[in-house]
There are 2 protein chains.
Amino acid sequence: MPERGRPRSFDRTAALRRAMEVFWAKGYEGASLSDLTTAMGINSPSLYAAFSSKEALFLEATDLYTRVEGADIWTTLEQAPTARLAIEGFLTRTAKAYSQTDRPQGCLIALGALHQDSSQGPICHDLRRRRAENHMALKRRLERAVAEGELPADFDIQTAATFFSTVQHGMSIQARDGATHAALMATVAGAMAAWATMAGDPA
Amino acid sequence: MPERGRPRSFDRTAALRRAMEVFWAKGYEGASLSDLTTAMGINSPSLYAAFSSKEALFLEATDLYTRVEGADIWTTLEQAPTARLAIEGFLTRTAKAYSQTDRPQGCLIALGALHQDSSQGPICHDLRRRRAENHMALKRRLERAVAEGELPADFDIQTAATFFSTVQHGMSIQARDGATHAALMATVAGAMAAWATMAGDPA
DNA sequence: TCCTTTTTGTAGTGATTGATACATAAATAT
DNA sequence: ATATTTATGTATCAATCACTACAAAAAGGA
């Protein structure tokens with residue numbers, strides 16, 4: 001039991017959530033230590049004692065984001081009864097999540113660190129790994145649908161997974177531009193129009 | 001004729017192009033004055049004398065980008081004989097441009113300044129305006145196709161323009177993740193599958 | 001009651017940020 | 001030739017960056 005020493009005077013998880021929101025809104029580079037400590041309500045020595053460094057804090061923040069904000073979208077993908085409903089639910093929930101006005105628009109994983117400087121370190125590597133994981137989750141769901149006979153054996157899983165994953169990334173930028181929920185749903189409608197052709201559906 | 005005083009010892013346009021490449025690779029925030037002056041081969045007083053500020057330099061750089069790098073994509077959109085070929089050419093040229101290995105991947109306009117800090121100033125406003133202009137160009141091309149009878153009168157232009165524009169934005173992130181030309185073309189194939197449904201084509 | 005352990009707030013660290021002061025250099029104008 | 005105008009290189013500016021040294025505070029263990 002590490003119950004020795006002066007107890008921490010703030011809620012570590014609550015502070016982490018605040019940090020996540022700052023990174024989400026401003027990106028890794030754009031979030032200064034000053035921004036972070038202000039939002040978290042602590043001084044920098046407390047931040048470093050609890051989270052080690054800005055980099056480690058960001059990695060913890062993306063993990064929290066994946067677990068809290070991303071869970072709904074990805075469980076929908078896996079639990080929907082058909083692949084079509086899985087993809088449609090995945091995109092529909094994305095549209096809803098990305099257009100919430102009580103939090104930053106778009107996705108932390110997609111937008112958090114896209115440029116060269118932040119790319120070289122572990123930050124961009126971590127985000128890329130998470131994006132690749134999402135792509136794999138799409139592939140797995142489509143593979144399952146082929147295995148279950150819902151989709152034809154010659155269904156191009158790789159193309160479809162890449163396409164839907166890219167559409168979701170695009171929706172992050174669209175959301176950052178202030179797109180309404182309705183505008184994001186227009187993109188979903190477009191993507192589902194592709195499904196009809198890919199799967200050979202009449203509608 | 002402003003031929004008075006000591007002549008400038010560097011090529012202003014060449015230096016601007018170098019600055020554009022730095023902003024393209026690192027984003028507005030990520031590009032430091034030191035990065036810029038090094039790439040441009042000049043000292044900071046020369047940069048400020050010729051371009052006024054980092055902000056003004058960025059605005060000039062995005063203008064150059066639009067004229068030089070974007071021209072090919074957007075003339076294709078307008079000059080293709082049918083709307084289908086216009087959209088397909090637009091996306092195909094995007095895939096090619098975004099995956100070139102001799103320059104930064106993805107689009108400066110889409111990726112240059114997505115976060116809050118840079119958003120509030122004129123930088124993000126300028127990029128948003130340019131992205132909105134691209135969306136309008138897509139709409140105009142589709143409107144023309146409806147007017148010419150190529151597309152049915154009830155074709156949902158707004159939805160289609162938003163969709164294809166969002167796909168292009170997603171391709172920027174995909175390209176930043178190191179996607180090959182073939183991977184980007186998979187996204188194009190997906191988007192064109194949507195066209196088939198939208199326009200009621202058999203293929 | 002001490003001693004140890006950990007956190008806290010204050011006040012800084014050197015490095016880097018975007019942007020300039022200033023003297024010198026190099027051109028035209030008179 | 002002298003004056004005027006503009007550009008250049010050196011050497012900075014104050015502000016902010018991520019990060020920490022240090023001593024006081026607050027807990028448990030002896």
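As recorded in an unreviewed UniProt entry, chain A goes by TetR/AcrR family transcriptional regulator and comes from Mesorhizobium tamadayense.

### A word on the interface of chain A and chain B
Taken together, the contact between chain A and chain B spans 38 residues of the former and 37 residues of the latter. For the chain A face of the interface with chain B, the top three residues by lost area are Leu114, His115 and Ile173 of chain A, together amounting to 18%. Across the contact surface, chain A and chain B share four salt bridges. One salt bridge in this structure joins Asp177 of chain A and Arg131 of chain B, with 2.7 Å as the shortest N-O distance. Applying the counting criterion to the chain A and chain B interface returns 17 residue pairs in polar contact (both at pLDDT 80 or more).

### Brief notes about empty space enclosed by the protein
Summed over the entire model, instances satisfying the criterion amount to one cavity of 30 Å³ or more. Computed from the structure, the largest cavity encloses a volume of approximately 140 Å³. Along the walls of the largest cavity sit 21 residues, with Glu29 and His115 of chain A together with Glu29, Leu114 and His115 of chain B positioned nearest its centre. Mapped onto the lining of the largest cavity, the elements with two or more residues apiece are helix H1 (12-30) of chain A together with helix H1 (12-30) of chain B. Here the lining of the largest cavity is built from residues that sort into eight nonpolar, nine polar and four charged.

### Some thoughts on the packing of aromatic side chains
As enumerated under the stated definition, the model contains 17 aromatic pairs over all chains in all. Ring geometry for Phe23 of chain A against Tyr28 of chain A: centres 6.0 Å apart, planes inclined by 20°, an arrangement best described as stacked. Judged by relative accessible area, Phe23 of chain A falls into the buried class, the value being 0%. Take Tyr28 of chain A: its relative accessible area is 14%, and that puts it in the buried class. With centroids separated by 5.0 Å and ring planes inclined at 80°, the aromatic side chains of Trp24 of chain B and Tyr65 of chain B adopt a geometry described as edge-to-face. Taken together, the positions of Trp24 of chain B in helix H1 and Tyr65 of chain B in helix H4 (residues 54-68) put the pair 41 residues apart, joining distant regions of the chain. Accessibility expressed as a relative area gives 4% for Trp24 of chain B, which makes it buried. Each residue in the set Phe155, Phe163, Phe164 and Trp195 of chain A together with Phe155, Phe163, Phe164 and Trp195 of chain B is aromatic and connected to the rest through ring pairs, giving one cluster. Across from the ring centre of Tyr28 of chain A, 4.5 Å away, lies the NZ or CZ of Lys54 of chain A, which sits over that ring.

### Structural notes on the packing of helix H6 (residues 83-98) of chain B against helix H9 (residues 122-147) of chain B
Residue and element names in this part refer to chain B. Axis separation between H6 and H9 bottoms out at 9 Å; the angle between their running directions is 160°. Relative to H9, H6 is oriented roughly antiparallel. Of the residues in H9, those in contact with Ala83, Ala86, Ile87 and Phe90 of H6 are Leu138, Arg141, Leu142 and Ala145. The class makeup of the residues in the contact of H6 with H9 is seven nonpolar, no polar and one charged.

### What to know about the protein's contact with DNA strand C
Near DNA strand C, the surroundings consist of 23 residues, among which Gly5 and Ser9 of chain A together with Leu33, Tyr48 and Lys54 of chain B are the closest. Each atom of DNA strand C within 4 Å of the protein was assigned to sugar, phosphate or base; sugar and phosphate come to 73%. Take Ser9 of chain A: an N or O atom from its main chain is 2.7 Å from a phosphate oxygen of DNA strand C. When contributions to the surface near DNA strand C are tallied by element, the ones reaching two or more residues are helix H3 (44-51) of chain A together with helix H2 (33-40) and helix H3 (44-51) of chain B. Ranked by residues supplied to the surface near DNA strand C, first place goes to H3 of chain B with three residues. Among the residues forming the surface near DNA strand C, the class breakdown is eight nonpolar, eight polar and seven charged.

The rules behind these values
- Residues numbered from 1 in each chain as written.
- Chains lettered and ligands numbered in written order.
- Predicted model: local features only at pLDDT ≥ 70, side-chain atom pairs only at ≥ 80, totals over all residues.
- Heavy atoms only, no water.
- Contact = heavy atoms within 4.5 Å.
- Buried area = accessible area lost by both parts, 1.4 Å probe.
- Salt bridge = Lys/Arg side-chain N within 4 Å of Asp/Glu carboxyl O.
- Polar contact = N/O pair within 3.5 Å; in protein donor to acceptor, adjacent residues only side chain to side chain.
- 1 Å grid on protein atoms, 1.4 Å probe; cavity = no way out; pocket = protein on both sides within 12 Å on 5 of 7 lines; lining within 4 Å.
- Points joined across faces, edges and corners; volume = space filled by probe spheres on them.
- Helix = DSSP H or I, 4+ residues; strand = E, 2+ residues; numbered from the N terminus.
- Nonpolar A, V, L, I, M, F, W, Y, C, P; charged D, E, K, R; others polar.
- Phe/Tyr/Trp six-rings, centres within 6.5 Å; stacked < 30°, edge-to-face > 60°.
- Buried < 20%, exposed > 50% of the residue type's maximum accessible area, 1.4 Å probe, protein only.
- Lys NZ or Arg CZ within 6 Å of the ring centre and 35° of its normal.
- Axes fitted to C-alpha atoms, helices over the stretch in contact; angles between N-to-C directions.
- Parallel < 35°, antiparallel > 145°, perpendicular 65-115°, else oblique.
- Near = heavy atom within 4 Å.

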